[in-house]
Amino acid sequence: MESPQSASSRGREPAVSRRSGLDAVFAPRGVAVIGASDREGSVGRTLLRNMIERPFGGTVYPVNPAHEQVLGIKAYPSIAEVPGVVDLAVIATPAASVPGVVRGCADRGVRAAVIISAGFREIGPAGLELEQRIRSEARRGKMRIVGPNCVGVIDPVRGLNATFAGTSALPGRVAFVSQSGALCTAILDWSLEANVGFSKFVSIGTMLDVGWGDIISYLGDDPQTDSILLAMESVGDAASFLSAARAVALAKPIIVIKSGRTGEAAKAAASHTGALTGSDDVLDAAFRRCGVLRVERIDELFMMADILSKQPAPAGRRLAIVSNAGGPGILATDALISGGGELATLSAQTLAALDAMLPKHWSHGNPVDLLGDADAERYAKAIDLAANDPGADGLLVIFAPQGMTEASAVARRLEPFAHLAGKPVLASWMGGLTTEQGVSILKHAGIPHFAYADTAARMFNYLWKRRQAIRALYETPEPLHPHDVGRRVQADAVLAAARAQGRVLLTEIESKQILEAYGIPVTQTLLAANADDAVAAAERLNYPVVIKLNSTRVTHKARAGGVRLNVATAESVRIAYREIAEQTGEAFEGVSVQPMVTSRGYEVMLGSSVDAQFGPAIAFALGGSLVEVVADRAIALPPLTTTLARRMMERTRIYQAMVRENGAETFDFAQLEELVVRFAQLVVDRPRIKEIDVNPLLVSGGGALALDARIVLHDHAIADEDLPRPVIRAFPERYVWTWPLQNGERLRIRPIRPEDEPAMRAFQRTLSETSVYLRYGGIQTLDERVAHEQLSRMCFIDYDREMTLVAERTNPAAGESTVVGVGTLVRLRDEDGAEFAVLVSDGYQHRGLGSELLSRLTEIAREERWGAVIGYIMQENLVMQDVCRRLGFSVRFVPAEGLMVARLDAR
């Protein structure tokens with residue numbers, strides 16, 4: 001017999017680790033400045049001066065074997081001789097000496113180091129070898145390393161300044177992290193003049209150890225940080241970055257400026273950081289996938305941080321503009337539309353009300369031009385009408401200095417609209433001295449102000465794009481229709497045959513066989529080794545037909561002259577066969593014959609290739625012969641859900657054309673979304689595939705049909721374990737089991753999917769008050785537990801960070817399933833372990849299901865090498881404590897927690 005729950009009343013998720021490894025960087029009890037110096041103008045002197053200038057709650061120890069004192073403070077010959085506790089070492093010694101210094105720190109028990117020194121990977125192989133030695137020593141001592149080649153770190157709230165910058169930062173609620181040290185010092189200098197404060201200010205350098213994922217995770221837990229600004233040159237560990245950003249972006253805005261959009265800039269960034277760079281389009285797709293907002297200019301980082309701290313996210317992209325001048329309104333409109341936004345279409349009621357109170361020469365639409373003589377009263381009435389129009393998702397108010405109107409008076413009339421529910425309000429008081437007082441009023445009211453109206457429109461576009469990206473992450477997708485996964489062995493056979501022959505290029509027929517194995521419809525295609533076979537195939541398929549080159553050496557058949565369309569007679573087939581053979585020469589290995597599809601529809605392209613940073617990426621584009629001529633494509637990272645597939649396609653003009661034409665030709669968009677999801681699954685399952693193009697994919701009222709396909713494999717000399725794989729972990733099929741109950745009923749236990757939200761909502765409704773109390777401590781109501789925001793975060797998980805198993809009762813005949821139990825395992829950050837929780841529906845308690853779920857979770861922890869499995873159990877939950885003991889857990893009361901703690905070493 002068992003309780004339905006194993007975790008304490010912590011809410012949905014088990015707790016994360018109590019103390020992060022980066023606390024040693026930002027909250028050290030003692031700091032050793034290794035390389036501290038008295039020499040004027042030296043890095044070592046500036047570091048030490050900055051460290052002692054303000055109290056930060058710890059002790060500073062200069063380390064320099066050549067000095068007994070530095071800046072009047074006792075110095076020590078080595079880190080080994082420092083007497084007190086040292087959590088952090090700040091290292092400013094020549095690059096060649098740094099591995100030995102880190103070795104000494106590891107021996108001394110130092111928990112972290114900031115390496116200021118340069119001269120590592122950026123100089124080539126010799127520098128890389130130094131980094132490898134540093135990494136080895138740091139791992140041995142379980143140290144975290146920031147840098148090398150960095151300015152250092154500042155915690156202005158605590159008073160810590162471990163940098164060689166000429167000044168410190170003001171305290172604030174925004175964290176700033178940059179790879180470029182020069183940019184850090186420039187931003188610091190600017191921030192003092194602009195009175196901008198920071199919660200953390202980090203120069204991350206070349207990221208030998210601590211990377212974007214580590215710092216984002218830390219800042220996500222930091223109560224002093226409201227938003228996170230990143231100045232990025234290279235991504236580093238792409239999987240870690242995506243995982244951390246996705247986990248944090250929902251709660252705290254992450255805004256990034258990424259250099260290297262152009263090829264030349266990308267080369268410069270690679271040279272600067274010594275890191276690999278990939279496609280900028282793929283990077284944009286990665287940012288969208290994790291909810292990160294990318295901006296174009298440095299000042300936009302701070303503008304967006306300011307807006308997001310003051311204004312709500314808009315529900316959509318429609319902006320209402322109110323102005324007393326036509327020109328600025330037009331400029332704002334241009335910026336809005338070119339960035340993907342839309343002018344709000346004002347309702348007939350709003351237009352009528354505006355018409356009744358405005359001069360007859362007003363613009364009679366949006367932008368609402370109040371004309372140059374508009375006074376504060378006219379502004380107030382127009383703002384009220386535009387702000388409350390149901391067709392507007394946001395409001396921009398523009399003021400241009402006029403002799404008839406006082407800027408401050410208009411600003412005061414805008415004040416009451418500073419906090420509209422669900423609608424951001426932005427302002428642009430253009431001018432200088434005459435608008436200063438009005439601008440001050442706006443800022444005090446919490447209304448973001450911009451010197452130019454087009455800048456404000458660009459910021460609105462950023463707002464709705466971020467909202468859209470976050471919403472897409474947690475929008476419940478539609479479940480896929482059943483598909484015979486057993487057919488995927490067909491793909492195994494095709495790939496095995498190519499490997500046996502040493503081929504990396506598959507024929508069209510082989511490529512289509514792999515598509516078919518994943519439920520992607522293809523045209524029937526027959527192989528013909530001679531002209532007579534080609535005629536027989538054409539007659540079997542019925543005329544007209546398409547004749548194509550069959551070759552294991554030519555990737556693009558049309559370019560080689562290997563395609564003939566609309567072949568309508570037997571004689572034409574023979575001519576086509578002969579011409580293709582003559583034109584393609586030694587590459588000719590017969591022809592393929594397929595029906596000439598004449599259905600009305602749209603030709604699109606579905607493809608995948610490997611990005612240097614993010615692995616396989618999916619592309620959807622205008623298809624046919626125009627794919628390389630017309631730049632109309634969108635990219636996403638696999639795996640995909642139906643929601644993510646739709647969002648990707650919506651970013652193309654060809655998809656928008658299909659939507660507009662849907663009245664004349666009914667397209668099954670749901671089927672197309674599912675096809676794209678299956679294609680992405682193919683890419684995930686088959687890392688041996690280097691490139692795949694389905695072009696054209698014909699989308700018509702009859703469905704989607706692959707007319708041609710091309711697959712190129714990776715070199716067979718590359719071992720399977722070395723093949724590039726998606727940076728986002730796909731559904732872990734290996735953790736699917738069938739488990740029998742004593743009454744003969746069989747449950748399926750598997751990892752949770754995004755599509756499970758409706759089932760999880762139904763599951764929550766089956767729980768008694770006792771079950772809820774033991775799982776949640778009674779802190780959550782039913783409405784809270786079944787809310788989309790709550791359940792979506794439970795179902796949309798990162799399998800590298802946590803694993804949630806659902807036990808479900810299935811009814812294959814009806815295509816239904818019911819969740820009856822849930823087990824969750826969450827990795828502890830910076831600790832070797834994972835925390836578990838188990839919850840079983842009341843009707844399935846006391847039947848061994850809780851024990852089975854916990855047993856499976858410990859098995860997963862062992863497989864994933866997550867270390868110890870830990871659970872927090874309420875004292876009155878004696879039954880669950882007994883279950884844990886039977887499974888080998890130690891169970892003891894921890895007074896500091898007020899809970900029983902169960903622990904099992906799963907290594």
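Treat the numbers as computed from the prediction; the structure is a model and nothing was measured.

**Q** Pulling in residues and values, what's your account of the overall build of the protein chain?
**A** Helices and strands together make up the secondary structure of the protein chain, namely 29 helices and 37 strands. The C-alpha radius of gyration computed for the protein chain amounts to 32 Å, which stays within 12% of the reference 29 Å derived for 907 residues, consistent with globular compactness. Judged by the C-alpha coordinates and their principal axes, the protein chain covers about 100 × 85 × 65 Å. In the protein chain, buried positions account for 58% of the 907 residues. Within the protein chain, counting contacts between residues at least 6 apart in sequence, those at least 24 apart form 71% of the total. Split by element, the accessible area of the protein chain, about 36,800 Å² in all, is 51% carbon and sulfur. Side-chain charges of the protein chain comprise 97 positive and 106 negative groups, with the mean position of each set lying 3 Å from the other.

**Q** Give a description of the state of the cysteines that names residues and reports values.
**A** Disulfides are covalent bonds that link the sulfur atoms of two cysteine residues. Summed over the entire model, instances satisfying the criterion amount to zero disulfides. Of the cysteine sulfurs around Cys 105, a residue in no disulfide, the closest is that of Cys 150, at 14 Å. Residue class for Cys 150 comes out buried when judged on its relative accessible area of 3%.

**Q** Go over helix α16 (residues 453-473), please, and point to the residues and values.
**A** If you check α16, its first and last C-alpha atoms are 31 Å apart, about what 21 residues at 1.5 Å a residue would give, namely 30 Å. Burial analysis of α16 places 15 of its 21 residues in the buried class, which makes it a mostly covered element.

**Q** Describe the packing of aromatic side chains, with residues and values.
**A** Tallied over the full model, the rule gives 19 aromatic pairs. Considering the side-chain rings of Phe 26 and Tyr 218, the 5.1 Å spacing of their centres and the 20° angle between planes classify their relative orientation as stacked. With a gap of 192 residues between them, Phe 26 in helix α1 (residues 23-26) and Tyr 218 in helix α6 (residues 212-221) connect regions that are remote in the sequence. Each of the two residues, Phe 26 as well as Tyr 218, counts as buried. Members of the aromatic cluster, joined through ring pairs, are Phe 176, Trp 190, Phe 198, Phe 201 and Phe 302.

**Q** So what about the environment of Ala 315? Which residues, and what values?
**A** Among the structural elements, Ala 315 can be located in the loop between α10 (298-310) and β15 (318-323). Placed 78 residues apart in sequence, Ala 315 and Asp 393 show a C-alpha to C-alpha distance of 5.8 Å. In this view, Ala 315 contacts Asp 393, Gly 422, Arg 467 and Arg 471; residues no more than four positions away in its chain are not counted.

**Q** I'd like to hear about the packing of helix α17 (residues 489-500) against helix α18 (residues 508-517), residue by residue, with values.
**A** Where α17 meets α18, the closest approach of the two axes is 8 Å, and the angle between their N-to-C directions is 155°. Taken as axis vectors, α17 and α18 run roughly antiparallel relative to one another. Pair α17 / α18 crosses with left-handed handedness. Where α17 approaches α18, its residues Gln 490, Ala 491, Val 494 and Leu 495 are matched on the opposing element by Glu 510, Gln 513, Ile 514, Glu 516 and Ala 517. Its residues assigned to classes, the contact of α17 with α18 shows five nonpolar, two polar and two charged.

**Q** Lay out the pairing of strand β31 (residues 746-751) with the relevant residues and their values.
**A** Two elements, strand β30 (residues 737-740) and β31, share four bridges in a ladder whose sense is antiparallel. Pairing of Trp 737 across the sheet is with Ile 749, part of β31. The antiparallel pairing of β30 with β31 creates a hairpin that spans five residues between the two strands, and Gly 744 there sits at a positive phi of about 95°. Judged from the four bridges that link them, β31 and strand β32 (residues 802-811) form a sheet pairing that is antiparallel. For Arg 748, the partnering residue across the bridge sits in β32 and is Glu 808.

**Q** Can you lay out the packing of helix α19 (residues 531-541) against helix α20 (residues 570-584) for me, pointing to particular residues and giving the numbers?
**A** The contact between α19 and α20 brings their axes to 9 Å, and the two run at 135°. The angle between α19 and α20 places the two elements in the oblique class. Crossing hand, α19 versus α20: right-handed. Between α19, through Ala 531, Asp 532, Ala 534, Val 535, Ala 538 and Glu 539, and α20, the contact on the second element is made entirely by Ala 570, Val 573, Arg 574 and Tyr 577.

**Q** Tell me about the nonpolar core, residues and numbers included.
**A** Trp 212, Ile 215, Ile 216, Phe 241, Phe 614, Met 760 and Phe 836 are the most contacted members of the largest nonpolar core, which totals 120 residues. The leading source of residues in this core is helix α7 (residues 238-249), at seven residues. In this structure, Met 760 is in contact with Ile 752, Leu 791, Met 794, Cys 795, Val 806, Val 819 and Val 822, ignoring residues within four places of it in sequence. Judged by nonpolar contacts, the second largest core, of 48 residues, contains Tyr 655, Met 658, Leu 672 and Ile 689.

**Q** Break down the pairing of strand β1 (residues 30-34) for me, citing the residues and quoting the values.
**A** Of all the five residues making up β1, five are buried; the element is thus mostly covered by neighbouring parts of the structure. Every second residue of β1 is oriented toward a common face, with Gly 30, Ala 32 and Ile 34 on one face and Val 31 and Val 33 on the other, all of them buried. The pairing of β1 with strand β2 (residues 59-63) spans five bridges and is classified as parallel. Its bridge partner lying in β2, Ile 34 is registered against Val 63. Note that β1 and strand β5 (residues 88-91) share four bridges and pair parallel. Within β5, the position partnered with Val 33 by the bridge is Val 90.

**Q** Please give an account of the pattern of salt bridges that cites residues and values.
**A** Scanning the entire structure with this criterion turns up 58 salt bridges. A salt bridge links Arg 29 to Asp 87; the nearest nitrogen and oxygen atoms lie 2.8 Å apart. One end of the pair, Arg 29, is in the loop between α1 and β1; the other, Asp 87, is in the loop between β4 (73-74) and β5, with 58 residues separating them in the sequence. With its nearest N and O atoms 2.8 Å apart, the salt bridge here joins Asp 284 to Arg 294. Here Arg 294 lies in strand β14 (residues 293-294) and Asp 284 lies in helix α9 (residues 280-290), a separation of ten residues in the sequence. Arg 294 carries the same exposure label as Asp 284, and that label is buried. A single salt-bridge network, built from bridges that share partners, covers Glu 475, Arg 646, Arg 647, Glu 650 and Glu 673.

**Q** Break down the sheet that holds β14 for me, citing the residues and quoting the values.
**A** Judged by pairing direction, the sheet is mixed, and its seven strands sit side by side in the order β9-β8-β11-β10-β12-β13-β14 without closing on themselves. What marks the edges here is a single partner per strand, and that holds for β9 (160-163) and β14. In this sheet, strand β13 (residues 254-258) lies alongside strand β12 (residues 227-232) in parallel orientation, the contact comprising five bridges. Bridging across to β13, Met 232 finds its partner in Lys 258. In the packing of α6 onto the sheet, contacts are made with β10 (170-178), β11 (197-203), β12 and β13, and the angle to β12 comes to roughly 165°.

**Q** Lay out the confidence of the model for the protein chain with the relevant residues and their values.
**A** Put simply, the protein chain has an average pLDDT of 90, and 94% of its residues get 70 or more. Across the protein chain, element-level confidence peaks in β5 with a mean pLDDT of 98 and bottoms out in helix α8 (residues 263-273) with 50. Predicted confidence is poor over residues 1-19, with pLDDT under 50, and the contacts of this stretch with residues over four places away or in other chains come to 83 contacts. Segment residues 269-277: pLDDT under 50, and 19 contacts once partners within four positions in sequence are set aside and those in other chains are kept.

**Q** Account for unusual backbone geometry, with residues named and values stated.
**A** Most peptide bonds take the trans configuration, and most residues that are not glycine carry a negative phi. Residue Pro 148 follows Gly 147 across a cis peptide bond; omega there is 0°. Counting through the fold element by element, Pro 148 comes out in the loop between β7 (144-146) and β8 (152-155). Cis rather than trans, the peptide bond between Asn 695 and Pro 696 has omega equal to 5°. Look at Met 207: it is not a glycine, yet its phi comes out positive at around 60°. Mapped onto the secondary structure, Met 207 falls in the loop between β11 and α6. What makes Met 207 buried here is its relative accessible area of 11%. Positive phi, normally seen in glycine, also occurs at Leu 371, with a value near 75°. With respect to the element layout, Leu 371 can be found in the loop between β17 (368-369) and α13 (376-387). Exposure remark for Leu 371: the relative accessible area of 21% places this residue in the partly exposed category.

About the cut-offs
Residues numbered from 1 in each chain as written. Predicted model: local features only at pLDDT ≥ 70, side-chain atom pairs only at ≥ 80, totals over all residues. Heavy atoms only, no water. Helix = DSSP H or I, 4+ residues; strand = E, 2+ residues; numbered from the N terminus. Rg over C-alpha atoms; globule rule 2.2 N^0.38 Å. Buried < 20%, exposed > 50% of the residue type's maximum accessible area, 1.4 Å probe, protein only. Contact = heavy atoms within 4.5 Å. Areas by Shrake-Rupley, 256 points an atom, 1.4 Å probe, with all protein chains shown as cover. Lys, Arg positive; Asp, Glu negative; His and termini not counted. Charge placed at Lys NZ, Arg CZ, Asp CG, Glu CD. Disulfide = S-S within 2.5 Å. Expected span 1.5 Å × (residues − 1). Phe/Tyr/Trp six-rings, centres within 6.5 Å; stacked < 30°, edge-to-face > 60°. Axes fitted to C-alpha atoms, helices over the stretch in contact; angles between N-to-C directions. Parallel < 35°, antiparallel > 145°, perpendicular 65-115°, else oblique. Left-handed = near helix turned anticlockwise from the far one by under 90°. Nonpolar A, V, L, I, M, F, W, Y, C, P; charged D, E, K, R; others polar. Pairing = 2+ DSSP bridges. Core = buried A, V, L, I, M, F, W, Y, C linked by side-chain atoms within 4.5 Å. Salt bridge = Lys/Arg side-chain N within 4 Å of Asp/Glu carboxyl O. pLDDT = per-residue confidence, 0-100.

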